[in-house]
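These are the residues of each chain, in order.
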Amino acid sequence: MKARVFVTLKPSVFDPQGKTIADALHSLGYTGVADVRQGKFFEIDVEARTADQAFHVASEVADKVLANPVIESYRVEIPES
Amino acid sequence: MKFAVVVFPGSNCDDDSYHAAKHVLGQEAEFIWHKETSLKGADVVILPGGFAHGDYLRTGALARFSPIMGAVAEFAKRGGPVLGICNGFQILLEAGFLPGAMLRNRDLKFHCEHVIVRVEQTETPFTLRAAKGQRLRIPIAHGEGNYYAPADVVQQLESSGRVVFRYCDERGDVTERANPNGAVNGIAGICNEARNVVGLMPHPERACEGALGSADGLILFESAVAAMAQEGVMRTA
Amino acid sequence: MNDEVLERHGLTREEYDRIVRALGREPSETEIGIFSVMWSEHCSYKSSRVHLKKLPTRGPRVLQGPGENAGAVDIGDGLAAVFKIESHNHPSFIEPYQGAATGVGGIIRDIFTMGARPIALLNALRFGPLDGPDGVRTRRIMDGVVRGIGGYGNSIGIATVGGEVAFDEPYAGNPLVNVLCLGVAPANALVKGTASGIGNPVYYVGAKTGRDGIHGATMASAEFDDRSAEKRPAVQVGDPFMEKLLLEACLELMQTDALIGVQDMGAAGLTCSTCEMGARGGAGVEIDVMHVPQRETGMTPYEIMLSESQERMLLVVKKGREAEVERIFEKWDLHASRIGEVTADGLLRVKDRGRVVAEIPNRALVDEAPVYNRPVKRPAYLDEVRALDVASLTIGRPAADFRRLLASPTIASKAWVYRQYDTMVRTNTIAAAGLTAGVVRIKGTERALAISTDGNGRYCYLDPRRGAMLALAEAARNVACAGAVPIGATNCLNFGNPERPEIMWQFVEAVEGLAEACRALDIPITGGNVSLYNETDGRAIYPTPVIGVVGLIEHASRTLTRAFAADGSSIILLGEGTGELGGSEYLKLVHNRVRGECPSIDLARERALQALLARAAADGLLLSAHDCSDGGVAVALAECCFDTGGLGAVVDLTPELSASHENLVSAATLFGESASRVVVSSRVGDEPRVLELAATRGVPARVIGRTGGTRLRVGVAGAVAIDCAVAEAEQIWSGALEMFFRRTAA
């Protein structure tokens, strides 16, 4: 079963990459773009019977390894197949 | 005195720390492969610079799962001096030996250049021989050295005297200009509560010989030797 | 076989007929693919081979000349310097970050496959102008290339200690990324890329094979056009972490005697490594692609043989030592896959689950590849551009031109670039990037190696023969300025489409010029790389031979650098100029002309000058040394004042041109680029000995001034032409490049 994990910097943490991208977009004329936050996306293949089980495993992995809780937060999605 | 230099896959300053300890300082030194579980009687442990496990995921993130880290934790808990340099510092953060995390440098660029750091604390095994306020000219070489911690943690570090090194200018002033990466409060290095684990972004092992442009970094290694000698005296007394 | 298939493979009908003759039958699809990459310009050197033979490749120090993964020269103490330069121009244009990164990865593999520990990287880069119509694209390319070089070199932990960056219009659509790696190996244990010993197992180690980079070699052998963007999938992605593991594992394996030979799977991947190793050992190699680790599913033998996935090595080891070899790789979390064995029949035999899909004599692929002696024709543009009437130039005040030159990207400080490179890792770097030459000490010995790359495309455009001589002379001079004796060279020959007789003429002239200079300076070429088809939409780059020279310093503590060392030192100009402005940066920048005769060179005098530098440095007579090149003696003097904390100098020069116009005389004297000139400084009292040494060697030398104060004051025949605070000059020089990149954040 596939699980998706999105990792982003916490709102309180400055994101220089996102800022740079936003600046570039502004200079290209996309003045309607207010802000950009860059993050990471993981697609995980989990051996699980139920979506709940997959969600549980993916959350644990995200918490332990994929995200650094000091600076990052994460969100797990189990897409409907 | 025996230095252990831990080698992770992707460590690339392991030879440099070994060279500084063994050939410049004339101490014993040994490489310890990350899959090992013993530090083989070392007195000082160095986690060297590099890009352990490719720095994939996050800098230092995967190295904390290496078998040797159990022994390093044990060693640190017993009060053994541990120095994390650059990637080694990042590993110490990820492994929870030290608080905080690293962000990309504020200009998003890798920086390799000599900087000046001010010694803020001399009560650590790696700054014992330095004077408070002493300025050291030491190179940095990193893309993610922008030290970050939540405000309360920074406050705690500051109030408990655990900021060991700070980027400064030639006069010793901590300025925005002298800060190469955007680190909060110009923090270049910190220590743990027990003060035996120190992590810093600059590379003291690259500044141990005049021929390389500076020998200011040698004082960290000399301090470790002095600290161990002191402890030895205390132990036998 | 229809024309469409041949065209797709970059083969001519004649070449196809040749394949049929070599096989005695029609080739299979897989075989066509194999021939097409091995007979591509990139792998076969079919257009350049007849001319490359003219280069001197032997010498008492040469341990390995061209033909192996890299060249090697003896540096004493039982050690060899192993080095080579290679281009990654085309991939860097298509995808700058990965193109440059994989270029670095490739050249590093060439060095450690020889049994050498890589210790230094240099890169010679050429881009279009940073401003103007292509400025945005050029800045994006340059930013990507620099990040890519750093991304790979910094991670794997090899110091980037030098190189150069120059800017000129013809590179706008075709940037050059030439990467040089230097390593040190035990002189008696150089490893070769040879397959021998019937029955010995053939191993594959490293990254898995994917569909990336298929036909990279043929891509590097064709011109660019609007459709090049479609070829994007041909770009490979580098993994420096994997290569770091390969590097350490291979060096550990080489400590044993279990290894017969090893070769990197670079251009043309598995195909090239198998047949070249077989051809060198006079043996056959048989593999089954089912044993090749694959990253993607459903790959055909054709795709597996032609993939250029990065970070892969092919090894032949001694039968019976398999377990030992596998154990070493497993320590580094690498899996060594046995994919075949060495055979006696001299054939490259490729099987797919036991079924033979290709069977080709190795010699046909390697030694019997087509060789072309392509027609040459002297280009018509030469007569036109060589004419230069300096008297017709409107010459302004030299002081203003001096400031403009300092801000010219080609001359300005490259700190913005090399600050992004780790210049010190492994703690060997004595003189870092941005100085005259990179210098690395050899731990465990007294010695150090100096290394420099040079090549002025503008000179070569005006006169490829003399331009190539000047390139070698300058690289060797830069090394000599560090106090080293040049002992070997590697060349990267970047040219346009060789099927055009005018381009071929440039190539032949340059190679012959280089050969002559190598003989005159007694510097053998130990290897290198040819990069042709550097054209976009029919516009070729300047002919650009980039030469890397390695020099030996007997006492590392005697290494010299560019910067003046002390207040009150004597400044001596070695060599003399004749006010040559042809092809100069001054003429281009201030007058927007690329014309005239490029500087003349007397190779015997050049050799004497270099010998003088090495001798004077070894005797401790010099405090600093710096070559005069782009921007002439004025810029050289300024650069000597930089990185000193603002130390100034007062200098007076002899006029180098007799003309009625005073400003013209000054400009030619200050900014002319006559070759074989070096600004040195020495303690007061030592200068008579320097002058005496120069006199005995027939090198003109004159004390031109003294260091001191905080201003650089340069006069011509007593009249002050430049008077500028060093701090101001240094600010212009050090900030110019960064300004271009500050404007665009992304």
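Residues numbered from 1 in each chain as written. Chains lettered and ligands numbered in written order. Predicted model: local features only at pLDDT ≥ 70, side-chain atom pairs only at ≥ 80, totals over all residues. Heavy atoms only, no water.

The secondary structure content of chain C amounts to 26 helices and 28 strands. For 746 residues, the compact-globule formula gives about 27 Å, and the C-alpha radius of gyration of chain C, at 26 Å, lands near that figure. Principal-axis analysis of the C-alpha atoms places the extent of chain C at approximately 85 × 55 × 50 Å. Counting over 746 residues, chain C shows a buried share of 67%. Accessible surface, chain C: about 24,400 Å² in total, of which carbon and sulfur atoms supply 49%. Chain C carries 78 positive and 92 negative side-chain charges, and their two centres are separated by 2 Å. (Helix = DSSP H or I, 4+ residues; strand = E, 2+ residues; numbered from the N terminus. Rg over C-alpha atoms; globule rule 2.2 N^0.38 Å. Buried < 20%, exposed > 50% of the residue type's maximum accessible area, 1.4 Å probe, protein only. Areas by Shrake-Rupley, 256 points an atom, 1.4 Å probe, with all protein chains shown as cover. Lys, Arg positive; Asp, Glu negative; His and termini not counted. Charge placed at Lys NZ, Arg CZ, Asp CG, Glu CD.)

The next subject is the overall build of chain A. Broken down by element type, chain A carries two helices and three strands. Counting only C-alpha atoms, chain A reaches 50 × 30 × 15 Å along its principal axes. In chain A, 71% of the contacts between residues at least 6 apart in sequence involve partners at least 24 apart. Counting 9 positive and 12 negative side-chain charges, chain A places the centres of these two groups 3 Å from one another. (Contact = heavy atoms within 4.5 Å.)

Turning our eyes to something else, we now look at the sheet that holds strand β22 (residues 570–574) of chain C. Where strands meet in a sheet, backbone hydrogen bonds hold them as pairs that are either parallel or antiparallel. Residues and elements named next belong to chain C. Taken in spatial order, the seven strands make up an open sheet running β23-β25-β22-β26-β24-β27-β28, and their pairing is mixed. The open sheet terminates on both sides in strands that have one partner only, identified here as β23 (624–627) and β28 (719–725). Direction aside, the axes of adjacent strands within the sheet are offset by 20° on average. Pairing geometry for strand β24 (residues 649–653) and strand β26 (residues 701–707), over three bridges, is antiparallel. (Pairing = 2+ DSSP bridges. Axes fitted to C-alpha atoms, helices over the stretch in contact; angles between N-to-C directions.)

Right, let's get into the pairing of strand β5 (residues 160–167) of chain C. All names here are of chain C. The buried count for β5 comes to seven of eight residues, which makes it a mostly enclosed element. Of the strand pairs in this sheet, strand β4 (residues 117–127) and β5 are connected by seven bridges, and their pairing is parallel. Counterpart to phenylalanine 127 in the pairing with β5 is phenylalanine 167. Note on the crossover from β4 through helix α8 (residues 135–156) to β5: the handedness is right-handed. (Right-handed = clockwise from strand over helix to strand, strands pointing away.)

What follows is about the pattern of salt bridges. As enumerated under the stated definition, the model contains 79 salt bridges over all chains in all. Measuring nitrogen to oxygen at the nearest pair gives 2.8 Å for the salt bridge that ties C:Asp422 to B:Arg206. One end of the pair, C:Asp422, is in the loop between α17 (415–418) and β14 (429–431); the other, B:Arg206, is in the loop between β11 (197–200) and α5 (218–236), on a second chain. Here C:Glu276 and C:Arg280 are joined by a salt bridge, their closest N and O atoms 3.4 Å apart. With C:Glu276 and C:Arg280 both in helix α11 (residues 269–281) and four residues apart, the pair spans about one turn of that helix. On the accessibility criterion, C:Glu276 (16% relative accessible area) is buried. Judged by relative accessible area, C:Arg280 falls into the partly exposed class, the value being 28%. The structure contains a network of salt bridges with shared partners spanning C:Asp168, C:Glu169, C:Arg458, C:Glu585 and C:Lys588. (Salt bridge = Lys/Arg side-chain N within 4 Å of Asp/Glu carboxyl O.)

Glancing now at the packing of helix α7 (residues 96–112) of chain C against α8(C). Residue and element names in this part refer to chain C. Running from N to C, α7 and α8 point in directions that differ by 35°, and their axes come no closer than 7 Å. Between α7 and α8 the crossing geometry is right-handed. Counted together, Pro96, Tyr97, Ala100, Ala101, Val104, Gly105, Ile108 and Arg109 of α7 and Arg140, Ile141, Gly144, Val145, Arg147, Gly148, Ile149, Gly151, Tyr152, Gly153 and Ile156 of α8 form the full contact between these two elements. Looking at the contact of α7 with α8 residue by residue, the class counts come to 11 nonpolar, five polar and three charged. (Left-handed = near helix turned anticlockwise from the far one by under 90°. Nonpolar A, V, L, I, M, F, W, Y, C, P; charged D, E, K, R; others polar.)

Attention now moves to empty space enclosed by the protein. All names here are of chain C. Scanning all chains against the criterion turns up five cavities of 30 Å³ or more. Its volume calculated, the largest cavity comes out at about 860 Å³. In terms of lining, the largest cavity is formed by 47 residues, of which the most central are Gly163, Glu164, Thr410, Lys414 and Asp630. Counting residues per element, the lining of the largest cavity draws most heavily on β5, at seven residues. When its residues are assigned to classes, the lining of the largest cavity shows 18 nonpolar, 17 polar and 12 charged. The space that makes up the second largest cavity amounts to roughly 100 Å³. Taken together, 14 residues make up the lining of the second largest cavity; nearest its centre are Tyr459, Leu470, Glu474, Arg477 and Ala675. Element by element, the count of residues in the lining of the second largest cavity is highest for helix α19 (residues 464–481), at five residues. Tallied by class, residues from the lining of the second largest cavity come to six nonpolar, five polar and three charged. (1 Å grid on protein atoms, 1.4 Å probe; cavity = no way out; pocket = protein on both sides within 12 Å on 5 of 7 lines; lining within 4 Å. Points joined across faces, edges and corners; volume = space filled by probe spheres on them.)

Time to look at the pairing of strand β8 (residues 259–264) of chain C. Residue and element names in this part refer to chain C. The element β8 is largely enclosed, with a buried count of five among its six residues. Where β8 meets strand β10 (residues 312–317), five bridges bridge the pair, whose relative direction is antiparallel. Residue pairing across strands places valine 262 opposite leucine 315, the latter belonging to β10.

Our next topic: the packing of aromatic side chains. Residues and elements named next belong to chain C. Applying the stated criterion to the full structure yields 16 aromatic pairs over all chains. A ring pair is formed by phenylalanine 127 and phenylalanine 167, whose centres lie 6.2 Å apart and whose planes are at 35°; its orientation type is tilted. In this pair, phenylalanine 127 is assigned in strand β4 and phenylalanine 167 in strand β5, connecting sequence segments 40 residues apart. Take phenylalanine 127 and phenylalanine 167: they sit in the same class, and that class is buried. When the centroid spacing of 4.8 Å and the interplanar angle of 40° are considered together, the rings of tyrosine 461 and tyrosine 542 count as tilted. Taken together, the residues tyrosine 461 in helix α18 (residues 457–462) and tyrosine 542 in the loop between β20 (539–540) and β21 (544–553) connect sequence positions 81 residues apart. The pair formed by tyrosine 461 and tyrosine 542 is uniform in burial state, with each residue classed as buried. In this arrangement the basic side chain of arginine 18 is found over the ring face of tryptophan 39, its NZ or CZ atom lying 5.8 Å from the centre. (Phe/Tyr/Trp six-rings, centres within 6.5 Å; stacked < 30°, edge-to-face > 60°. Lys NZ or Arg CZ within 6 Å of the ring centre and 35° of its normal.)

What follows is about helix α13 (residues 322–331) of chain C. Residues and elements named next belong to chain C. The set of residues buried in α13 consists of Glu322, Val325, Ile328 and Phe329. The buried residues of α13 occupy an angular sector of 135° when the element is viewed end-on, so they sit on one face. Its buried side turned inward, α13 meets β7 (201–206), α10 (240–254), β10 and β11 (336–343). Once α13 ends, the next one or two residues include aspartate 333, with phi positive near 60°. (Arc of directions from axis to C-beta.)

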